[in-house]
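# Fold and contact review
Spelled out, the chains give:
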Amino acid sequence: MDKCIIDIRQPDYITIGTDKNERETIINNDLVQFDDVRVEFAKTGEHCAIFLTADITPVRWIKLRWNNMTWDKKARFLGDAWERGYSDLQWQGMSARRFMPWYFAATHENNTICYGVKVRPSAMCFWQVDSMGMTLFMDVRCGGNGVKLGGRKLEVAEVLGTKFLNCTSFEALSDFCGDMCTDPILPTYPVYGSNNWYYAYGDSSEEEILSDTDYIVKLTEGIKNRPYMVIDDCWQEHHRLNEYNGGPWTKGNEKFPDMKALAEKLVAKGVRPGIWVRFLQNEAEDIPSEWRLSTNGCLDPSNPQALEYIKRDVKRICDWGYTLIKHDFSTFDLFGRWGFEMNPLVTKDGWHFYDESMTSAEVVKLLYKAILEASKETNTIILGCNAIGHLGAGLMHMNRTGDDTSGLNWERTRSMGINTLAFRLPQHGKFYEVDADCVGIDYGVSWKFNKQWADLLAQSGTSLFVSARLGLLSEAENEELHKIMVIASEQKHHVVPTDWEDTDCPEEWEDKLNNIKRKYNWYEECGVRFKTQAVRYTPYLSIIG
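Right, let's walk through the structure included here. These numbers were taken from a predicted model, which means no experiment stands behind them.

Let's shift gears to the sheet that holds strand β17 (residues 272–277). One open sheet accounts for nine strands, arranged β21-β20-β19-β18-β17-β16-β15-β23-β22; its pairing is parallel. Of all strands in the sheet, those bounded by a partner on one side alone are β21 (433–435) and β22 (439–441). For this sheet, the mean angle separating the axes of adjacent strands, direction not counted, is 25°. Sheet analysis places strand β15 (residues 192–195) next to strand β23 (residues 464–468), joined by three bridges and oriented parallel. In the sheet register, Tyr192 faces β23, and the bridge partner there is Leu464.

Spelled out as structure tokens, the structure:
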């Protein structure tokens, strides 16, 4: 690999959006000012840092344009996702209407060029590329309104770029992810095990969890690194199946009478206890209205008292003995949209967080940092789900990088799981440990396909969680799964997709160092199963009408 750091030059053009208007101009020096709004550019080596200051004007966004850039006409482009992938990640030819959150790569033959912002910026950032140049859009709103900085100087983002020669596009992007995040936190041991969601779907009990534990203990017999038993949505006090899956998070329900005692039982059986939680959705009556978002009633992390309340929930769960916390729904609860609905902005206009001086990105980082800090005394692993990975890198050990797989429908696992594993695998070990979601072993999915999915997860060196209805696998199939779990418990193999530029569901995977090659068959004989009335949004910029 030959690596050349790109000296990021000053942008050529800038557009600034405020609550009142939009202003744009050619950039002639390192400071642009419209009234009390100032944008500054500062070189840090080859990188370019962007700073924003405003005294009284609420600022919504900054758009920077670099002109006179050329891209090979045959180049393919890959960007990231706002939060999870929704089976939509893939290399594509150039489209001026396509927006790419956080970073992008352009590849042709053995040359790859990457541009991005370092992790944990203070804005929601996306890129757009066309035949004349590239654009970086930075959403600095507080919720849906302009941020009120009150004279504070905000470092919005730090831009970096690298050109890679004589290497694969996967090698290039993986290296670039390491440059974007120089301070990841990672588990100190391979994380794998069981999660009860993809057969229980919220209908479970302590008795069932203990039975699942016996099964995973048997599957991992003889393995020194003990697996996790993760209790998913089902245990909380106010849980109402298919109606409500929020807090309070102070105790279990009648099917889970003592959460601390249950953690102790799991340890006694020989597993590590893990648990799912949705911190921001909480209907506890003692929570004041000013701690809640005006849009949906979820907790507002920008309110210091609400943030302390969340930290107490985290600490309580840690004190019960759960050494992995999977926190879910934070992006949806904060912004009211799933990732595929964020086209291109993450939330609607017309609302704000409690602290109007903070950007939305800063609020997200504040939440992630609080969860991490509250768990440090017990060395609990933090696994984000429906989390914004670029803002969580360095603040969470693991990230669920794609939408849900399934124990009922193989097509969902194929499209969601394999896609996110392939296209966000360059982030593995660079941002956090990648969790591409579970192997759902239930009536709806053949072992023929689940065996391949489990094998791929284990061979990739990412976390493998099985979600198994007891009694479905034969003795021979259980032995096959046992052998896969042995590999997953060590995470010594690291296959990567070799055909990822050609398909959104890679079939060919290779680990050159360990001389491993895999060719998978992901498709059922009937072809792809689909809904004729499915609704999904497309990740393209809107046409101005």
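Before going further, it helps to examine the pairing of strand β25 (residues 508–511). A one-sided burial pattern is seen for β25, the buried positions being Trp509 and Asp511 and the unburied ones Glu508 and Glu510. Taken together, the two bridges between strand β24 (residues 496–497) and β25 define a ladder with antiparallel strand orientation. Bridge assignment links Val496 to a residue of β25, and that residue is Glu510. Pairing of β25 with strand β26 (residues 516–519), which is carried by four bridges, proceeds in the antiparallel orientation. Directly across from Asp511, in β26, lies its bridge partner Ile516.

Glancing now at the nonpolar core. Core analysis: the biggest nonpolar cluster contains 163 residues, and Met124, Met138, Val156, Ile231, Trp235 and Leu464 have the highest contact counts within it. If sequence neighbours within four positions are ignored, Met138 has contacts with Ile50, Arg60, Trp61, Ile62, Leu64, Ala123, Met124, Cys125, Val156 and Ala157. Counting 11 residues, the second-largest nonpolar core is a separate cluster that includes Trp197, Tyr228, Val230 and Phe465.

This part takes up the environment of Thr168. On the secondary structure map, Thr168 appears in the loop between β14 (153–165) and α1 (169–180). Placed 61 residues apart in sequence, Thr168 and Thr107 show a C-alpha to C-alpha distance of 8.9 Å.

A word on a nonpolar patch on the surface. A contiguous nonpolar patch, built from Tyr523, Val528 and Phe530 and spanning about 310 Å² of accessible area, is present on the exposed surface. With respect to the helices, strands and loops of the structure, Val528 is situated in the segment after β26. On the accessibility criterion, Val528 (39% relative accessible area) is partly exposed.

So, about the sheet that holds strand β3 (residues 22–26). Strand order in the open sheet made by the six strands is β3-β2-β7-β13-β12-β9, with antiparallel pairing throughout. Lying at the two open borders of the sheet, with one neighbouring strand each, are β3 and β9 (100–101). In this structure, strand β2 (residues 13–18) lies alongside strand β7 (residues 59–67), joined through six bridges in antiparallel fashion. Its bridge partner being in β7, Gly17 is matched across the sheet by Trp61.

What follows covers unusual backbone geometry. Residue Gly247 is joined to Pro248 through a cis peptide bond whose omega torsion reads 20°. Within the element layout of this structure, Pro248 appears in the loop between β16 (228–231) and α4 (259–269). With an omega of -5°, the peptide bond between Asn343 and Pro344 qualifies as cis. On the secondary structure map, Pro344 appears in the loop between α6 (330–335) and α7 (360–375). Although it is not a glycine, Asn379 sits at a positive phi angle of roughly 55°. With respect to the helices and strands, Asn379 occurs in the loop between α7 and β19 (381–385). Residue classification places Asn379 among the exposed residues on the basis of a relative accessible area of 64%.

Structurally, the position occupied by Arg414 is in helix α9 (residues 410–424). Take Arg414: its relative accessible area is 8%, and that puts it in the buried class. In this view, Arg414 contacts Asn419, Cys505, Trp522, Tyr523 and Val528; residues no more than four positions away in its chain are not counted.

With that settled, consider the pattern of salt bridges. A complete count under the given rule lists 39 salt bridges for this structure. Residue Arg120 pairs with Asp183 through a salt bridge whose shortest N-O separation is 2.6 Å. Within this pair, whereas Arg120 is found in the loop between β11 (111–117) and β12 (124–130), its partner Asp183 is found in the loop between α1 and β15, the two being separated by 63 residues in sequence. Residue classification places Arg120 among the partly exposed residues on the basis of a relative accessible area of 25%. Taking relative accessible area as the criterion, Asp183 reaches 34% and is therefore assigned partly exposed. The salt bridge involving Lys148 is made with Glu356; its shortest N-O contact spans 3.1 Å. Of this pair, Lys148 sits in the loop between β13 (133–139) and β14 while Glu356 sits in the loop between α6 and α7, and the two are 208 residues apart along the sequence. Residue classification places Lys148 among the partly exposed residues on the basis of a relative accessible area of 40%. The class of Glu356 is partly exposed, set by a relative accessible area of 25%.

With their axes 8 Å apart at the nearest point, helix α5 (residues 304–320) and α7 run at an angle of 35° to one another. The two elements α5 and α7 meet at a crossing, and its hand is right-handed. Counted together, Leu307, Ile310, Lys311, Val314, Lys315 and Cys318 of α5 and Leu366, Leu367, Ala370, Ile371, Glu373, Ala374 and Ser375 of α7 form the full contact between these two elements. Looking at side-chain class alone, the contact of α5 with α7 contains nine nonpolar, one polar and three charged residues.

Residue placement: Asn419 occurs in helix α9. Taking the C-alpha atoms as reference points, Asn419 and Val445, separated by 26 residues in sequence, lie 18 Å from one another. Contacts of Asn419, omitting those with residues within four sequence positions, involve Ser87, Asp88, Leu89, Arg414 and Asp504. A polar contact is formed between the side chain of Asn419 and the backbone oxygen of Leu89, at a distance of 2.8 Å.

Thresholds applied
Residues numbered from 1 in each chain as written. Predicted model: local features only at pLDDT ≥ 70, side-chain atom pairs only at ≥ 80, totals over all residues. Heavy atoms only, no water. Pairing = 2+ DSSP bridges. Helix = DSSP H or I, 4+ residues; strand = E, 2+ residues; numbered from the N terminus. Axes fitted to C-alpha atoms, helices over the stretch in contact; angles between N-to-C directions. Buried < 20%, exposed > 50% of the residue type's maximum accessible area, 1.4 Å probe, protein only. Core = buried A, V, L, I, M, F, W, Y, C linked by side-chain atoms within 4.5 Å. Contact = heavy atoms within 4.5 Å. Patch = residues over 30% accessible without salt bridge, like charges linked within 9 Å, V, L, I, M, F, W, Y side chains within 5 Å. Areas by Shrake-Rupley, 256 points an atom, 1.4 Å probe, with all protein chains shown as cover. Salt bridge = Lys/Arg side-chain N within 4 Å of Asp/Glu carboxyl O. Left-handed = near helix turned anticlockwise from the far one by under 90°. Nonpolar A, V, L, I, M, F, W, Y, C, P; charged D, E, K, R; others polar. Polar contact = N/O pair within 3.5 Å; in protein donor to acceptor, adjacent residues only side chain to side chain.

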